[in-house]
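If you want the building blocks of each chain, they are given just below.
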Amino acid sequence: MDSIIITGATSGIGYECALRMAQTAKNEQIIIPARNIKAGKEVIEKIRDKTGHKNLTSLELDLASLQSIREFSEKLSREKELSISILINNAGVQNIGETQYTTDGFEQTFGVNHLGAFALTMQLLPFMKNNGHITFTSSETHDPALKTPIEPPIYTSAQELAYPKETTEKPNIVGQRRYSTSKLCNIMTTYELQERLKKTNIRVNAYDPGLTPGTGLARTYTPVMRFLWKNIFPVLTLFKSNIHTPAQAGKNLANLAYSEKYKDLKGIYFSDSKVVKTSVDSYNKHFQKDLWNGSLELTKTTFTE
């Protein structure tokens, strides 16, 4: 049986994506990894009640721990004839407070949003179907030209992003930049991985949900910003383009991964239901190679075509 894996699906965009998948992919197993297994099981019950899907499962996974990622992959690999049709790397954090670190000592935002997703993808690649699909949820904040309210990214090197130097800049500025940089890394990984898989039929794409008020990304915001994010910004989804409710964004993400309509899209960035060019830096081959090699080294993983 083919399996669909969606990270970050216990709430927000990921949950809505999983719900949509359960409505359309009736014959595939849907796996929802969760850091908190109780939350994972509750979400599965909720989706089962709404869709009647027969094959939903939750497994423990903490993307802030390489050990947890290895254990998750090993547990999956013990499934008889494991075949992954879709891997959606959607989980993400945005920390604009004091610097936090993962279990392995990496800066948290880069560690979870990029290295965690990267390590998981490398370990699951051997089980991907030849016409499988891998998606990385990115963000328009990766592109300085779009002048989003978030600090634009600065790519230095994989090593420096994992182990940042001390800084006197304000935590919220640094935190925003780390977030947008991690989203740039998601796109560079998409391009580099697709290039390395060009002899296969595996599709690798990046997805921009747009501004999606109401999701859990605002956890470290100030109380005023959290209030606006939850209560005021959602109204904007009615008036502005590329601002979506979690349900709209989740549906778009599921469609990119599963819909016949998009089955020929490879190595692209998908925003507001169309293929869009990404930032100048995202096409920088030197950055892409440095990120790729540095990430393999940092996560102690190997690439198996």
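Structure report, in brief. What you see is a predicted model; the values in this text were computed from it and never measured.

Before going further, it helps to spend a moment on the pattern of salt bridges. As enumerated under the stated definition, the model contains 10 salt bridges in all. A salt bridge links Lys129 to Asp2, with the nearest nitrogen and oxygen atoms 2.7 Å apart. Here Lys129, found in strand S5 (residues 128–137), pairs with Asp2, found in strand S1 (residues 2–6); they are 127 residues apart in sequence, far enough to count as distant. The class for Lys129 is partly exposed, based on a relative accessible area of 27%. Ionic pairing is found between Glu260 and Lys263, a salt bridge with its closest N-O pair at 3.9 Å. Taking relative accessible area as the criterion, Lys263 reaches 43% and is therefore assigned partly exposed.

Turning to unusual backbone geometry, a few remarks are in order. Despite not being glycine, Asp272 has its phi angle at roughly 55 degrees, a positive value. Within the secondary structure, Asp272 sits in the loop between strand S7 (269–271) and strand S8 (274–275). A relative accessible area of 24% places Asp272 in the partly exposed class. Residues other than glycine seldom take positive phi values, yet Lys300 does so here, at roughly 55 degrees. Inspection of the secondary structure puts Lys300 in the segment after helix H9 (285–299).

Turning our attention to H9. One turn of an α-helix holds 3.6 residues; hence residues three or four places apart share an orientation. With 15 residues, H9 ought to run about 21 Å at 1.5 Å a step, and its terminal C-alpha atoms sit 21 Å apart, in line with that. Among all positions of H9, only Phe287, Gln288, Leu291, Trp292, Gly294, Ser295, Leu296, Leu298 and Thr299 are buried. Against the buried residues of H9 lie helix H3 (66–77), helix H4 (108–124), helix H5 (158–162) and helix H6 (171–196). N-capping of H9 is provided by Asn284, with a side-chain oxygen placed 2.9 Å from the backbone N of His286. Backbone geometry just downstream of H9 places Lys300 in the positive-phi region, at approximately 55 degrees.

Basis of the calculations
Residues numbered from 1 in each chain as written. Predicted model: local features only at pLDDT ≥ 70, side-chain atom pairs only at ≥ 80, totals over all residues. Heavy atoms only, no water. Salt bridge = Lys/Arg side-chain N within 4 Å of Asp/Glu carboxyl O. Helix = DSSP H or I, 4+ residues; strand = E, 2+ residues; numbered from the N terminus. Buried < 20%, exposed > 50% of the residue type's maximum accessible area, 1.4 Å probe, protein only. Expected span 1.5 Å × (residues − 1). Contact = heavy atoms within 4.5 Å. Polar contact = N/O pair within 3.5 Å; in protein donor to acceptor, adjacent residues only side chain to side chain.

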